[in-house]
There are 4 protein chains.
Amino acid sequence: MTTKSSKPRRAAKKVPSPVEHRGNRHGRSEEARTAILEAADNLLVERGFAGVTIEGIAAAAGVAKQTIYRWWTSKTDVLMDAFVEDMAQASLPPDSGNLETDLKHHLVGLAKMLAESDTGAVFRALLAEAQHDSELAIRLRTQFIEPQRLRDLFPFQQAVKRGELSPEFDTEAAVEQLLSPIYYRVLVSGQPISPSYVEGLIRRLLLK
Amino acid sequence: MTTKSSKPRRAAKKVPSPVEHRGNRHGRSEEARTAILEAADNLLVERGFAGVTIEGIAAAAGVAKQTIYRWWTSKTDVLMDAFVEDMAQASLPPDSGNLETDLKHHLVGLAKMLAESDTGAVFRALLAEAQHDSELAIRLRTQFIEPQRLRDLFPFQQAVKRGELSPEFDTEAAVEQLLSPIYYRVLVSGQPISPSYVEGLIRRLLLK
Amino acid sequence: MTTKSSKPRRAAKKVPSPVEHRGNRHGRSEEARTAILEAADNLLVERGFAGVTIEGIAAAAGVAKQTIYRWWTSKTDVLMDAFVEDMAQASLPPDSGNLETDLKHHLVGLAKMLAESDTGAVFRALLAEAQHDSELAIRLRTQFIEPQRLRDLFPFQQAVKRGELSPEFDTEAAVEQLLSPIYYRVLVSGQPISPSYVEGLIRRLLLK
Amino acid sequence: MTTKSSKPRRAAKKVPSPVEHRGNRHGRSEEARTAILEAADNLLVERGFAGVTIEGIAAAAGVAKQTIYRWWTSKTDVLMDAFVEDMAQASLPPDSGNLETDLKHHLVGLAKMLAESDTGAVFRALLAEAQHDSELAIRLRTQFIEPQRLRDLFPFQQAVKRGELSPEFDTEAAVEQLLSPIYYRVLVSGQPISPSYVEGLIRRLLLK
DNA sequence: CCCTAACCGAGACGGTACGTCGTGTCTTAGA
DNA sequence: TCTAAGACACGACGTACCGTCTCGGTTAGGG
């Protein structure tokens, strides 16, 4: 596996050399790496998961197959990297001073990302693959699901700090109660997730 | 091998003729059909989704590839049929007279089925595939998810009938609140689903 | 298309019954038999030897595959029968009283049949097949090549009778000398066989 | 097995590189190429034309099917190449100073090759196929039949040079008169071709 | 005057081979 | 040392025919 995943795409070069190069004794080609991740992303969105092949990525990226195999182990591995780079820009939920507002904003954005964006398509494909690839399942949990849960907790933590919620409030349970219906609708039932539906979820959690 | 081979698989016959035959103008061979579905099931459990191939099913079932292609369009199609047959035996939740007891029994059984049984493995594989196969997604919703939701609703409906719950109780929302965490843990977070966790879910729904 | 369709194909009935029927205890269906032979012929001409399949013949003849397998053993077997029926109408060379005239007429006709007619196409296909099917080779020699050689001999025998040739004339050698270049051009070199070329062959044989 | 394996098959290299390699950007694997041609030859002789399949060749040569399809279009194409390599060793007829002797030697050898050798079996199979494959027919004429005719002409040309034959002698016609009965017997009538029969052919041509 | 044997069409079946696609490994030449 | 290029062995794909096997329908002839 590569370690590069934690850095934002293209921002931080791996190669010491400041000069552009195409892969030589100074290290790998950043150009190739970027082209591969972009090609993988695009192919997934354009042709679906089955349409992503190592050969296809190589051709689309103008890269030799071997270059892909040198750095990744499978197409899911490539997609995982692409997804991690996409998610690297994910920011903390807003902190407006009002829990309900913050939650709504955060959850609507998350739902939209999962259900509609290209990044969400990659996530769904990876989660699907993870159902029969336990190593990928672990990576996915470590690199996305757990960090995401931390982000999901943030508004509650701020509310506790502010005194808006009691310190005894079970934030873990609250997050699960809010989040799982969203994943359920995205992954299982396919039902749409409207802002008013999200409001309902929040109201049920907080007022009842 | 799975244990299911010992169970009578033939619950839902597709062939009208009551006579056993080996495939002729009257229709397909029930023998071949059953062997294919069982082989598909077994291969999925033994070798995982990627290990299921049409050639493998054909070989394991002692059947010609063409016989599979004559009746199904893809390996997912075969698995879908196998899953539907497995689920055909699913029965309504119990009706003991006490909502909490019924729910607990039902949900614990469902969680166990989804997370641990062979049938659950097939379901997870199909749901995974459905993430990038919208036709399959529709079939899966029509043939499993919606009927399942009706079964999930049953204890609440009985409780309303009995007067244990007010007629205004939002059963749909309640089902979603109970079920989605279970699917979330099975599909996304991989956390275990203990009976006491299920109890907690029910308590939070009913008492709060 | 074959020319035979206009001619009565049914010359040699296999069924004793004078009544038309569709196959029953009294024997096979003449209708089916004829349709099969015609379909085989047509397919050969239209789609080439590889385009002739038992399934294709059955479909084109509106007949069940089994009906073909009941009476023939292979597609070559069917074609052989079709060819034999086509050749059944072959008549003796003319006997005008002049050897050269008779030979020329006979050979030009034979060359045209072999190289250009549908029947010739069937013959070439069968001879090709006979190169790796010795049983067929024997049938072809017995049912066509030897009878044909007798017809080829006929003009010489008449010439000897008439006194135009001496009784010592080696008719066998003469036939081989005339015929083999024709087969060579048809089968091997693909060169055209013009009437003047045939005349040259005859002149070289008789005058030199 | 054939006896040909003892002969050096590699007469006509297709790969410019003098270095042995196993297939890379410099071109194809000579090893694979040779194994395929030998396997094709052997299968033809052992199992007949119908017994030659691409899958069979690949298995016998220890090669992937795709490697065959990369370089050839069909099994006939492979056999054609195998035949061409076999024939590459064909040498000019002898030039002893006596036409009759040279002809007899040449024709007896040719007849034996066509009728009895493994190479002849390949030739007959190809000629058979060429009856319904005009592209193959052209290749066969260009690569074997015409060069062969030039070799057949050679003894006559030498005899003319020597003054043994008049310059007006029609060598083309003579070759056709000698060769076509040989092909006729090999391909059509199946009669044996004894040395004395060949002598008779020559005598009839030259003395009459 | 039905019974029944022989033939028919239809078409499902277990197979074999087809020709194609993608995999992951390897080797080479060039920068 | 990394890259592009691409040949290779492998394995699965989905298709086309093979030859075999019922099955139900029909049509006389013999009982």
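This is a predicted model, so every value here is computed, not measured.

Draft legend 1. Representation of the packing of helix 1 (residues 30-47) of chain C against helix 6 (residues 118-130) of chain C. All names here are of chain C. Relative orientation of the contacting elements helix 1 and helix 6 amounts to 85°, with a least axis distance of 10 Å. One finds that helix 1 runs roughly perpendicular with respect to helix 6. Counted together, Asp41, Leu44 and Val45 of helix 1 and Asp118, Ala121, Val122 and Ala125 of helix 6 form the full contact between these two elements. Its residues placed into classes, the contact of helix 1 with helix 6 shows five nonpolar, no polar and two charged.

Draft legend 2. Structural detail: the relation of the copies chain C and chain D. For the pair chain C and chain D, the superposition axis carries a translation of 0.0 Å, the fit reaches an RMSD of 0.1 Å, and the rotation angle comes to 179°. What the rotation and shift describe, once combined, is the action of a two-fold rotation axis. Considering only C-alpha atoms, the part of chain C nearest the rotation axis is Ala128 of chain C, at 2.0 Å. The residues that chain C uses at the interface reappear at the interface of chain D in 100% of cases, marking a shared surface.

Draft legend 3. Geometry of the relation of the copies chain A and chain B. If you rotate chain A by 180° and push it 0.0 Å along the axis, it lands on chain B with an RMSD of 0.1 Å. An overlap of 100% is found between the interface residues of chain A and their copies at the interface of chain B, pointing to a shared contact surface.

Draft legend 4. Broad picture of the packing of aromatic side chains. Applying the stated criterion across every chain, the model contains 24 aromatic pairs over all chains. Judged by centre distance (6.3 Å) and plane angle (65°), the rings of Phe123 of chain B and Tyr183 of chain B are edge-to-face. With Phe123 of chain B in helix 6 (residues 118-130) and Tyr183 of chain B in helix 8 (residues 171-189), this pair connects stretches of sequence that are 60 residues apart. Both residues of the pair, Phe123 of chain B and Tyr183 of chain B, count as buried. Put simply, the rings of Phe83, Phe123, Phe144 and Tyr183 of chain A together with Tyr184 of chain B pair up and form one aromatic cluster. In this structure, Lys75 of chain B packs its charged tip against the face of Phe49 of chain B, placed 4.1 Å from the ring centre.

Draft legend 5. Structural view of the interface of chain C and chain D. In this assembly, 28 residues from chain C lie in contact with 28 residues from chain D. For the pair chain C and chain D, the summed buried area comes to about 2,700 Å², and 53% of that belongs to carbon and sulfur atoms. On the surface where chain C and chain D come into contact, there are two salt bridges. Taking the shortest distance from any N to any O, the salt bridge between Glu176 of chain C and Arg185 of chain D comes out at 3.2 Å. Our enumeration of links across chain C and chain D arrives at 13 residue pairs in polar contact (both at pLDDT 80 or more). For the side of chain C that touches chain D, the elements supplying multiple residues, two or more each, are helix 6, helix 7 (134-162), helix 8 (171-189) and helix 9 (195-207) of chain C. The class makeup of the residues in the side of chain C that touches chain D is 14 nonpolar, seven polar and seven charged.

Draft legend 6. Spatial organisation of the side chain of Asp152 of chain C. All names here are of chain C. Inspection of the secondary structure assignment puts Asp152 in helix 7. For Asp152, which is buried and forms no salt bridge, the nearest opposite charge comes from Arg149, at a distance of 6.1 Å. Among the polar contacts made by the side chain of Asp152, one reaches the side chain of His106 at a distance of 2.7 Å. Dropping the residues within four chain positions of it, Asp152 is found in contact with His106, Leu110, Val175 and Leu179.

Draft legend 7. Main features of the UniProt feature "domain: HTH tetR-type" (unreviewed entry) in chain A. Mapped onto this numbering, the UniProt entry annotates "domain: HTH tetR-type" (unreviewed entry) at residues 30-90 of chain A. Secondary structure over residues 30-90 of chain A splits into 75% helix and 0% strand, and the C-alpha atoms at its two ends are 23 Å apart.

Draft legend 8. A look at the pattern of salt bridges. All names here are of chain A. By the definition in use, this model includes 49 salt bridges over all chains. Among the ionic pairs, Asp102 bridges to Arg162, the shortest N-O distance being 3.7 Å. With Asp102 in helix 5 (residues 99-116) and Arg162 in helix 7 (residues 134-162), this pair connects stretches of sequence that are 60 residues apart. The exposure class of Asp102 is buried, given its relative accessible area of 2%. In this structure, a network of salt bridges that share partners links the residues Asp95, Asp102, Arg162 and Glu164.

Draft legend 9. Examining the confidence of the model for chain A more closely. For chain A, the average pLDDT comes to 87, and 87% of its residues sit at 70 or higher. Below pLDDT 50 for its whole length, residues 1-19 of chain A participates in 40 contacts with residues either more than four positions away or in separate chains.

Draft legend 10. A look at helix 1 (residues 30-47) of chain B. Residue and element names in this part refer to chain B. The terminal C-alpha atoms of helix 1 lie 25 Å apart, and with 18 residues this matches the ideal 26 Å at 1.5 Å per residue to within 8%. Looking at the packing, one finds that the buried side of helix 1 touches helix 2 (54-61), helix 3 (65-71), helix 4 (75-87) and helix 6. Note on helix 1: the residue one or two positions beyond its end, Gly48, has a positive phi of about 80°.

Draft legend 11. Focus on the side chain of Gln131 of chain A. Its place among the elements puts Gln131 of chain A in the loop between helix 6 (118-130) and helix 7. According to the relative accessible area criterion, Gln131 of chain A is buried, its value standing at 19%. Polar contacts involving the side chain of Gln131 of chain A include one to the main-chain carbonyl oxygen of Leu187 of chain B, which spans 2.9 Å. Setting aside residues no more than four positions away along its own chain, Gln131 of chain A makes contact with Arg124, Ala128, Val186 and Leu187 of chain B.

Draft legend 12. Representation of the UniProt feature "DNA-binding region" (unreviewed entry) in chain A in the model. With numbering aligned to this structure, UniProt lists the feature "DNA-binding region" (unreviewed entry) at residues 53-72 of chain A. Across residues 53-72 of chain A, helical content stands at 75% and strand content at 0%; the span's end C-alpha atoms are separated by 13 Å.

Scoring rules and cut-offs
Residues numbered from 1 in each chain as written. Chains lettered and ligands numbered in written order. Predicted model: local features only at pLDDT ≥ 70, side-chain atom pairs only at ≥ 80, totals over all residues. Heavy atoms only, no water. Axes fitted to C-alpha atoms, helices over the stretch in contact; angles between N-to-C directions. Helix = DSSP H or I, 4+ residues; strand = E, 2+ residues; numbered from the N terminus. Parallel < 35°, antiparallel > 145°, perpendicular 65-115°, else oblique. Contact = heavy atoms within 4.5 Å. Nonpolar A, V, L, I, M, F, W, Y, C, P; charged D, E, K, R; others polar. Least-squares fit on C-alpha atoms with pLDDT ≥ 70 in both. Phe/Tyr/Trp six-rings, centres within 6.5 Å; stacked < 30°, edge-to-face > 60°. Buried < 20%, exposed > 50% of the residue type's maximum accessible area, 1.4 Å probe, protein only. Lys NZ or Arg CZ within 6 Å of the ring centre and 35° of its normal. Buried area = accessible area lost by both parts, 1.4 Å probe. Salt bridge = Lys/Arg side-chain N within 4 Å of Asp/Glu carboxyl O. Polar contact = N/O pair within 3.5 Å; in protein donor to acceptor, adjacent residues only side chain to side chain. Lys, Arg positive; Asp, Glu negative; His and termini not counted. UniProt positions renumbered as here; feature names shortened; annotations may be inferred. pLDDT = per-residue confidence, 0-100. Expected span 1.5 Å × (residues − 1).

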